[in-house]
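Chain and residue survey
In case you want the letters, here they are:
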Amino acid sequence: MDRVIKIIKREFKTKVLTKGFIIGTILGPIFLLGMIFGPAFFMNLSEEEPLQIEVVDESAILFNPLIKAFDDTLSNGQPRFILIPIEPRVYYNRRENFRQRIEEGETSILLILPQDIVDGGEITYLSRSVSEMDLIQSIRRRINDEVNQIRLKQAGLDPQQISKLTRRIDIKTIKIEKGKETERGVGQEFITSFIFLMILYMTILLYGAGVMRSVLEEKTSRIIEVLLSSSNSFNLMMGKIFGVGSAGLVQYAIWSLMSVGVFFVASASAPKLMDQVTISRDTFFFFALFFVIGFFQFATLYAAVGAMCSTQDDAQAMSVPVTILIIIPFLVSFMVINNPTSDAAQILSMIPFFTPMLMFLRITLVAPPAWEIIAAIGINLIAILFFVWVSSKIYRVGILLHGKRPTVPEIVKWLKYK
Amino acid sequence: MNALRVENITKTYDSFKAVDNISFSIQEGRLFGLLGPNGAGKTTTMRMIMNIIIPDSGKIFLFDETFTEKHKDIIGYLPEERGLYPKMTLIDHLQFLGEMKGMSSTEAKKISLQWLGRFNLLEWEGKKIQELSKGMQQKVQFIATIMHSPKLLILDEPFSGLDPVNTKFLKDILMQLKQEGATIILSTHLMDQAEKLCDDICLINKGRVVIQGNLREKKEEYGHNSVILEYSGDASFVRNLSMVEKLNDYGNYMAIQLKDGSTPHQLFQILAGKKFEVKKFEAAETSLNEIFIDIVGGKSHG
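What counts as what
Residues numbered from 1 in each chain as written. Chains lettered and ligands numbered in written order. Predicted model: local features only at pLDDT ≥ 70, side-chain atom pairs only at ≥ 80, totals over all residues. Heavy atoms only, no water. Helix = DSSP H or I, 4+ residues; strand = E, 2+ residues; numbered from the N terminus. Buried < 20%, exposed > 50% of the residue type's maximum accessible area, 1.4 Å probe, protein only. Contact = heavy atoms within 4.5 Å. Areas by Shrake-Rupley, 256 points an atom, 1.4 Å probe, with all protein chains shown as cover. Lys, Arg positive; Asp, Glu negative; His and termini not counted. Charge placed at Lys NZ, Arg CZ, Asp CG, Glu CD. Domains from an automatic or database assignment. Pairing = 2+ DSSP bridges. Axes fitted to C-alpha atoms, helices over the stretch in contact; angles between N-to-C directions. Core = buried A, V, L, I, M, F, W, Y, C linked by side-chain atoms within 4.5 Å. Salt bridge = Lys/Arg side-chain N within 4 Å of Asp/Glu carboxyl O. Buried area = accessible area lost by both parts, 1.4 Å probe. Polar contact = N/O pair within 3.5 Å; in protein donor to acceptor, adjacent residues only side chain to side chain.

**Re the overall build of chain B**
Looking only at helices and strands, chain B features 9 helices and 14 strands. With respect to the principal axes defined by its C-alpha atoms, chain B has extents near 75 × 45 × 35 Å. Buried positions account for 50% of the 302 residues belonging to chain B. Across chain B, every contact between residues at least 6 apart in sequence was considered, and the portion connecting residues at least 24 apart equals 67%. When the accessible surface of chain B is totalled, it reaches about 14300 Å², and 47% of it is carbon and sulfur. Within chain B, one finds 37 positive and 39 negative side-chain charges whose respective centroids are separated by 1 Å.

In C-alpha cells, the structure reads:
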C-alpha cells in the first residue's frame with residue numbers, strides 16, 4: 001500500500017508542478033467563460049451599425065406604420081434600422097439596377113411588400129445572405145403584427161381591445177428543493193447546469209487522456225519494467241489513476257476557491273446581479289462526486305488503451321472508442337436539459353458512462369428521488385470494479401509488449417492469461 | 001542455503017512454449033549465468049522469477065520461501081530494455097526508485113548521493129535524465145538497481161550496449177557486491193563474458209535447459225582436447241593423422257581438435273619427429289563459446 005502512495009505522490013508531483021497545469025488552472029475558467037459569452041459578445045459587436053432596409057411598398061399603406069415598428073435603437077443610441085422607401089414604379093423600371101446594388105453590397109436588404117399583403121400576399125426579401133434566421137424572423141414578425149392591426153381595423157375591431165383580450169399570461173418558476181422554495185428563472189437554471197456540465201465533460205476528457213499519455217510514457221521509456229520489479233502492475237495502474245485524479249481534484253479545489261473569491265467580490269459590488277446566481281453546496285458536492293465516478297470509469301479504460309499501444313499515433317487511434325463513450329453522453333445531455341423528467345433521461349442516467357453527466361444534470365434540474373441517485377451510484381461502482389478488473393488484465397500483459405497493435409481477439413486472450 | 005530455487009516453470013503463449021519445464025537452483029553468494037541464444041527464454045525466465053510474468057505452472061522459492069511481493073525489496077533487477085524517467089532529475093529519479101524498494105525518503109536521498117559520488121555524477125544531481133549522455137544514463141541505471149543493497153541481483157544482459165569503460169566498471173562492482181555476499185544472476189549471450197565471471201551456469205535453448213552446473217566441471221565434461229599449433233614449413237600431414245577429429249589451418253597456425261581418447265601429449269610426440277618448425281604448442285581448453293555453438297548450433301540445424 002505504501003508503494004501505491006509513493007506512486008501517487010510522484011505522479012501528482014510531475015502533473016501539478018508543470019507549466020501546463022498551472023497555466024491550465026488559471027486560464028481554464030477564462031477560456032470557459034470565453035466559450036460561453038464569446039459568441040454573444042462578438043455578435044453584439046458586429047451589430048453595432050444601423051441596418052439599411054429599402055422597402056418597396058406596393059400596398060401603399062404599410063410604410064408609415066412600419067417606421068414605428070422598426071424604431072428600436074442600438075446600445076450606442078443609433079437606430080437599429082433605417083427604412084428607405086422606394087417607389088414601386090422606380091423599382092420596376094430599374095430593377096436590374098437595384099439587384100446589382102444588392103450584389104455589390106451597397107444595399108443590404110430590399111423588401112417588397114405586395115399589394116395584396118393584407119389578403120395573404122407574400123413578402124419578398126432580397127439580400128446577399130438569407131441565413132440570418134433571427135433577423136429575418138424578427139422582420140417578418142414586425143410586419144406581421146402591423147398587417148394584423150390593419151386587418152383588425154378593416155374588420156371593424158379595436159386593436160387595443162383585442163390585444164388586451166389576447167394578452168399572454170406570464171409564468172413564474174419556483175423550484176422545490178429540500179422543503180425550500182427558490183424562485184429561479186429557467187434560463188439561470190440552464191446556464192448553471194450547462195457551465196458545470198462543460199467543466200465535467202472537459203475535465204473527464206482531459207484527465208482520462210492524461211492517464212493514457214502517462215501510461216504510454218512509462219511504457220515507451222521502458223521504465224515500467226523497473227517499476228514492476230518493485231511493485232505489481234495492479235498497484236502501478238491504480239497509483240497512476242489516483243495520482244492523475246487527485247491532480248484533477250486539486251484543480252477543482254483551486255477553481256472553487258477562485259469562484260468563491262469572485263462571488264464575494266461580485267456580491268459586494270453588485271448584489272443585485274449575484275441574486276441571479278444560485279449555486280448550492282449540493283451542486284458542488286455532486287459535481288465532485290460525479291467527477292470522481294466519471295473519471296474512474298474512463299481513466300481505467302484509458303489506462304488499458306495506453307498499455308495496449310506502443311506509439312502516440314496508435315494510442316490516438318485506439319482511444320477513439322473510449323472518447324466516443326464520453327461524447328455521446330455529453331450530446332445526450334442536451335436532450336436532458338430540455339426534458340429532464342423524461343423516461344429516457346431517467347433510464348440513461350442509471351447507465352454507466354451516462355450517469356456522471358446525466359445524473360448530475362437531473363440532480364441540478366429536477367432533484368430526482370434519493371433512491372435513484374443511490375442506485376445510480378451503486379450501479380456505477382460495480383461497473384468501475386468490473387472496468388478495473390478488465391483493465392488491469394489488459395494492462396499487465398500489454399505494458400510489456402512492444403510492436404504491432406494488438407487485435408481484439410488477442411486482447412480477449414489476454415484476459416484469460418494467468 | 002539456496003538463494004533461488006526454480007522448479008519446473010513453464011510459460012506458453014498460444015502454442016509457443018517460451019519456457020518449457022525449467023528447473024535450477026542457485027546457492028547463496030554465487031554468480032550464476034543464465035546463458036542461451038536470443039529467444040531462448042532467458043528474459044521470460046527472469047521476468048517469472050520477478051513475478052512480472054506469472055508462470056503457467058511451476059514454483060519459485062527465494063531463500064527457501066515461496067515468492068511474495070515483499071521479496072521484491074531484497075532483489076535488484078536490471079531489465080534488458082533500460083528505462084528511466086527522461087524528465088525527472090537524477091536525484092528525484094533515484095530517490096523515487098529507492099523509496100519504491102522500501103527505503104525512507106531521507107535514506108533514499110542519502111544513499112543516492114553516496115552512489116552518485118562514487119560514480120562521479122554528483123555534479124549532475126539536479127539535471128534532468130534526458131540531458132545526460134548514454135553512458136551516464138547507464139550508470140544511473142546500475143545505481144537504481146543496487147542502491148538498496150539487494151541480497152539477490154538479477155541482471156538481464158547487463159553488458160549489452162556498454163562501452164568498455166562502463167563494462168569494466170560494472171564488472172568491478174559486481175565482484176565487490178559478490179564479495180559482500182550478494183547472489184548474482186546474469187543472463188547473457190556473450191559466452192566470453194560468462195566464462196570470465198560465472199561460478200555456475202545454466203545454458204538454455206528453445207525454452208529448455210541444455211547444460212547446467214558448475215562452469216569448470218561442465219567445461220571439462222563438454223570440452224574437447226584441442227591444440228593450438230603455431231608453425232612454419234609444411235604441416236599438411238597433420239590433417240591426415242588418425243587422432244585428429246577436426247582441424248582449421250590458418251597458414252601460420254592451426255586449431256586442432258583431437259578425438260576422444262587421444263591426448264595433446266601424444267600429438268606432441270608425433271610432431272617432434274617431423275621436418276617442420278614448431279613455434280608454439282598450446283594444449284587449449286575449449287571455450288564456452290565453442291561448447292555453446294556446438295550444442296546450440298548443432299541442435300538448431302537438426
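**With respect to the domain arrangement of chain A**
Many analyses report the size of an interface as the accessible area lost when the parts associate. The domains assigned to chain A are domain 1 (2–41 + 183–416) and domain 2 (50–163). On a C-alpha basis, the centroid separation for the pair domain 1 of chain A and domain 2 of chain A is 52 Å.

**A word on the sheet that holds strand S3 (residues 109–113) of chain A**
Residues and elements named next belong to chain A. Taken in spatial order, the 4 strands line up as S2-S1-S3-S4 in an open sheet, and their pairing is mixed. The open sheet is flanked by strand S2 (81–86) and strand S4 (124–127), the only strands paired with a single partner. Neighbour-to-neighbour, the strand axes of this sheet turn through a mean angle of 25 degrees, independent of strand direction. Of the strand pairs in this sheet, strand S1 (residues 51–57) and S3 are connected by 5 bridges, and their pairing is parallel. Among the inter-strand pairings, Asp 57 is bridged to a residue of S3, identified as Leu 113. Most of the contacts of helix H6 (residues 133–154) go to S3, to which it runs at about 30 degrees, and overall it touches S1, S2, S3 and S4.

**Notes on the pairing of strand S13 (residues 253–258) of chain B**
Residues and elements named next belong to chain B. Relative to S13, strand S11 (residues 225–232) is paired through 6 bridges, and the arrangement is antiparallel. What sits directly across from Ser 226, in S13, is Gln 257. Inspection of the sheet shows strand S12 (residues 244–249) paired to S13 by 5 bridges, in the antiparallel sense. By the bridge assignment for S13, Lys 246 is matched with Gln 257. Linking two consecutive strands that pair antiparallel, namely S12 and S13, is a turn of 3 residues; a positive phi of about 95 degrees is found at Gly 251 within it.

**Side note on the environment of Ala3(B)**
All names here are of chain B. In this structure, Ala 3 sits in strand S1 (residues 2–13). Along the primary structure Ala 3 and Ala 182 are separated by 179 residues, whereas in three dimensions their C-alpha atoms are 9.3 Å apart. When neighbours within four sequence positions are excluded, Ala 3 is seen to be in contact with Ile 26, Gln 27, Glu 28, Phe 61, Leu 62, Phe 63 and Thr 183.

**Details of the nonpolar core**
By size, the foremost hydrophobic cluster in this structure holds 162 residues, and its most contacted members are Phe295(A), Leu4(B), Phe24(B) and Ile154(B). No other element matches helix H12 (residues 281–308) of chain A, which puts 16 residues into this core. Non-local contacts of Phe295(A), meaning those with residues more than four positions away in its chain, are made with Ile204(A), Tyr207(A), Gly208(A), Val211(A), Ile241(A), Val244(A) and Gly245(A). Residues Leu62(A), Phe63(A), Phe70(A) and Phe81(A) belong to the second largest nonpolar core, which totals 21 residues.

**Remarks on the pattern of salt bridges**
All names here are of chain B. Counted under the stated rule, the structure contains 29 salt bridges over all chains. One salt bridge in this structure joins Asp 20 and Arg 208, with 3.0 Å as the shortest N-O distance. Here Asp 20 is found in strand S2 (residues 16–27), whereas its partner Arg 208 is found in strand S10 (residues 208–214), with 188 residues between them in sequence. Judged by relative accessible area, Asp 20 falls into the buried class, the value being 11%. The residue Asp 199 makes a salt bridge to Lys 178 at a minimum N-O spacing of 3.0 Å. Pair noted here: Asp 199 is in the loop between helix H6 (191–197) and strand S9 (200–205) and Lys 178 is in helix H5 (residues 164–179), with a separation of 21 residues, a long-range link. Relative accessible area serves as the criterion here: at 21%, Lys 178 is assigned to the partly exposed category.

**Observations concerning the interface of chain A and chain B**
With 23 residues of chain A at the interface, the matching set in chain B holds 31 residues. Each partner contributes to the roughly 2500 Å² buried at the junction of chain A and chain B, and carbon and sulfur atoms together form 57% of this total. The interface formed by chain A and chain B holds 4 salt bridges in total. The residue Glu99(B) makes a salt bridge to Lys9(A) at a minimum N-O spacing of 3.8 Å. For the pair chain A and chain B, the interface holds 10 residue pairs in polar contact (both at pLDDT 80 or more).

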